[in-house]
Structure formats: C-alpha cells, structure tokens
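A look at the structure
Listed here are the chains, written in short residue letters.
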Amino acid sequence: MESVALATAYTGAKSVDDNAYDRVATVDADASLLNSCWDKVCGRVAEKLQPFLSSSETGEEEFTLNLEVSGAYCDSLTPSVNSDLQACLTSGIIAEWFRFACPTKTPEWETESHCLLNRAFSKLCSRKKPRRSYSE
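Just so it is clear, the model here is predicted, and its values are computed rather than measured.

**Observations regarding the nonpolar core**
The biggest cluster of nonpolar side chains holds 30 residues, and the ones touching the most others in it are V45, L49, F63, L85, L89 and I93. Of all the secondary structure elements, the ones that give two or more residues to this core are α1 (2-14), α2 (20-24), α3 (31-48), β2 (63-67), α4 (78-101) and α5 (106-125). Sorting elements by how many residues they give to this core places α4 first, with 9 residues. The contact partners of F63, leaving out residues within four places of it in the chain, are W38, C42, V45, A46, S56, E57, T58 and L89.

Right under this line is the structure:
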C-alpha cells in the first residue's frame, strides 16, 4: 500500500487540477476501500494463475500463492515473477482506486496491471531447453 500511496500522491501532485492532490492521493481514511481493491486484484491474479495454483491465502497485508510448475521451469525466473506480481498488484489497486478518484487515469493503470500479470504468467509457462546426456 506504500507504493499505492506514493503513486496516487504523485499523480495528484502532478495534475493540472488544483484540487487533484486532495482528491487523488490516498490517505489512512481510505483503508477500507483500498482493502476491497486489494481483494479484487488478488482474486484476479489467483484466477489468472489458476493452472499453477495449489493454494493461496489473502491477508490484509500479504498475498501468498503456492504454485506448482513444470519440472523444466527455470527457477532463476522466480524473483522476476515475484517482482511482476507485486507490481501487478500495486498497479491493479491504483487502477481500482482511480475508478473513483481519477477515471481518466484508470485505463493506463489497468493496462499496466494486465501486462505485468500476463508477463508473470508467461514466465511460469516457460521451460528450460531439454539437454541430452551422452553416455558411453
């Protein structure tokens, strides 16, 4: 939520509208609405990753996914997948928030969230090249 607060404050501060900062930037009083945005975006991520999902748990500040991937999955992609999913959640929450606070910005944040989710999904689908072992 810190990233959400930072992005919404920046958007409000950079807007040409004089009242934009007060309208767009999230504050502590927005927590219940932001939590519903969080739940909605976590559900979207779980739905997209369902082919890999063995379990998930959504808390107020944590979203845990246990994924089952192919034995040929390249484990070195995991940090990148995690990063993409974290950014997807942030941009998705911002998109949901902007539906109320700044509707003109909603499409670009939705697009960003979907692109990041698709990129993470694509990485989870990738496989290492098969290697032949030669024995004598």
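The structure having been displayed, the exposition proceeds.
**Remarks on the confidence of the model for the chain**
For the chain, per-residue confidence averages 92 on the pLDDT scale, and 99% of positions sit at 70 or higher. Mean pLDDT per element in the chain: α2 is the minimum at 88, and α5 is the maximum at 97.

**Observations regarding the layout of surface pockets**
Of the voids in this model, the largest pocket is the one considered here, and its volume is about 900 Å³. In terms of lining residues, the largest pocket is bounded by 31 residues, among which W38, E61, E62, F63 and L89 are the most central. Mapped onto the lining of the largest pocket, the elements with two or more residues apiece are α1, α3, β2 and α4. When residues of the lining of the largest pocket are assigned to their parent elements, the largest contribution, 8 residues, is made by α4. Of the residues assigned to the lining of the largest pocket, the class counts are 17 nonpolar, 8 polar and 6 charged.

**As for the packing of α1 against α4**
Axis separation between α1 and α4 bottoms out at 9 Å; the angle between their running directions is 50 degrees. What the angle tells us is that α1 and α4 run oblique. Of the two elements, α1 crosses α4, and the hand of that crossing is right-handed. Residues S3, V4, A7, T8 and T11 of α1 form the contact with α4, whose participating residues are T90, I93, I94, W97 and F98. Its residues assigned to classes, the contact of α1 with α4 shows 6 nonpolar, 4 polar and no charged.

**A few points about the packing of aromatic side chains**
Inspection of the entire model under this criterion finds 3 aromatic pairs. Between F98 and W109, the aromatic rings sit 6.3 Å apart at their centres with planes inclined by 75 degrees, giving edge-to-face as the arrangement. On the criterion of sequence distance, the pair formed by F98 in helix α4 and W109 in helix α5 is long-range, its members being 11 residues apart. Above the plane of the ring of F121 lies K48, whose end atom (NZ or CZ) is 4.7 Å from the centre.

**So, the side chain of K123**
In this structure, K123 sits in helix α5. Excluding its chain neighbours within four sequence positions, the residues that come into contact with K123 are Y73, L77, S80, V81 and D84.

**Digging into the environment of Y10**
Relative to the helices and strands, Y10 resides in helix α1. Y10 sits 49 residues away from G59 along the chain, and the two C-alpha atoms are 27 Å apart.

**Quick word on the pairing of strand β1 (residues 53-58)**
The pairing of β1 with β2 spans 5 bridges and is classified as antiparallel. Looking at the pairing, S56 lines up with L65 of β2. A loop of 4 residues connects β1 with β2, the two strands running antiparallel in sequence.

Cut-offs used in this document
Residues numbered from 1 in each chain as written. Predicted model: local features only at pLDDT ≥ 70, side-chain atom pairs only at ≥ 80, totals over all residues. Heavy atoms only, no water. Core = buried A, V, L, I, M, F, W, Y, C linked by side-chain atoms within 4.5 Å. Buried < 20%, exposed > 50% of the residue type's maximum accessible area, 1.4 Å probe, protein only. Helix = DSSP H or I, 4+ residues; strand = E, 2+ residues; numbered from the N terminus. Contact = heavy atoms within 4.5 Å. pLDDT = per-residue confidence, 0-100. 1 Å grid on protein atoms, 1.4 Å probe; cavity = no way out; pocket = protein on both sides within 12 Å on 5 of 7 lines; lining within 4 Å. Points joined across faces, edges and corners; volume = space filled by probe spheres on them. Nonpolar A, V, L, I, M, F, W, Y, C, P; charged D, E, K, R; others polar. Axes fitted to C-alpha atoms, helices over the stretch in contact; angles between N-to-C directions. Parallel < 35°, antiparallel > 145°, perpendicular 65-115°, else oblique. Left-handed = near helix turned anticlockwise from the far one by under 90°. Phe/Tyr/Trp six-rings, centres within 6.5 Å; stacked < 30°, edge-to-face > 60°. Lys NZ or Arg CZ within 6 Å of the ring centre and 35° of its normal. Pairing = 2+ DSSP bridges.

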